[in-house]
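Residue-level listing of the chains:
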Amino acid sequence: MLDFVFIISIFFEVILTAICVIKIKKITKKCGELNEKLILFGNIAITINKKIKITITKINKVVSFITNKKLIKIGQILRTTIDIVQIIILIRSLNLSKGLKSINYKNIKKLVLLEASRRMIRKIIQAL
């Protein structure tokens, strides 16, 4: 009786080993296919990364040009000169030698509209 049990256990062991070997072969085949797909997707990701890197370097060049200190100083100088020109126009329009009748209200309206539009544009740009 004991010999019969050992023979059956050896028989089951052979069958289970064969089943395990078959499953391992299938899994290694599937792993090979998944590895090829992973390599393909990795190459695609690398090419996309290179393209994005080139685009980002171009954007960085533009941003560094905009945030350049010399450019900011030029903008400040331009704003100061525009303010000076506005003050000169305002002083010229306020010729008070003849009283209030001699004031040129058209120039004052232009200056007020210009200054209001300038401040609105600055606030819109700062909000962005």
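Provided above is the structure to which this section pertains.
Everything quoted here is computed from the prediction, not taken from an experiment.

Rules of the game
- Residues numbered from 1 in each chain as written.
- Predicted model: local features only at pLDDT ≥ 70, side-chain atom pairs only at ≥ 80, totals over all residues.
- Heavy atoms only, no water.
- Helix = DSSP H or I, 4+ residues; strand = E, 2+ residues; numbered from the N terminus.
- Buried < 20%, exposed > 50% of the residue type's maximum accessible area, 1.4 Å probe, protein only.
- Areas by Shrake-Rupley, 256 points an atom, 1.4 Å probe, with all protein chains shown as cover.
- Patch = residues over 30% accessible without salt bridge, like charges linked within 9 Å, V, L, I, M, F, W, Y side chains within 5 Å.
- Salt bridge = Lys/Arg side-chain N within 4 Å of Asp/Glu carboxyl O.
- Phe/Tyr/Trp six-rings, centres within 6.5 Å; stacked < 30°, edge-to-face > 60°.

Visitor: What am I meant to see in the overall build of the protein chain here?
Guide: Each helix and strand counted, the protein chain has three helices and zero strands in total. For the protein chain, the N- to C-terminal ordering of α and β elements is α-α-α. Going through the 128 residues of the protein chain one by one, you find that 5% of them count as buried. In the structure as shown, the protein chain presents an accessible area of about 12,200 Å², 73% of it carried by carbon and sulfur atoms.

Visitor: Any chance you could explain a nonpolar patch on the surface here in plain terms?
Guide: Together, L40, F41, I44, I48, I52 and I56 make up a nonpolar patch on the protein surface, roughly 570 Å² of accessible area in all. The topology assignment puts I44 in helix α1 (residues 2-66). Exposure remark for I44: the relative accessible area of 39% places this residue in the partly exposed category.

Visitor: I would appreciate a short explanation of the packing of aromatic side chains in the present structure.
Guide: Two measures describe an aromatic ring pair: the distance that separates the ring centres and the angle between the ring planes. What the rule picks out here adds up to one aromatic pair. Judged by centre distance (6.4 Å) and plane angle (45°), the ring pair of F11 and F12 falls under tilted. Given the relative accessible area of 52%, F11 is considered exposed.

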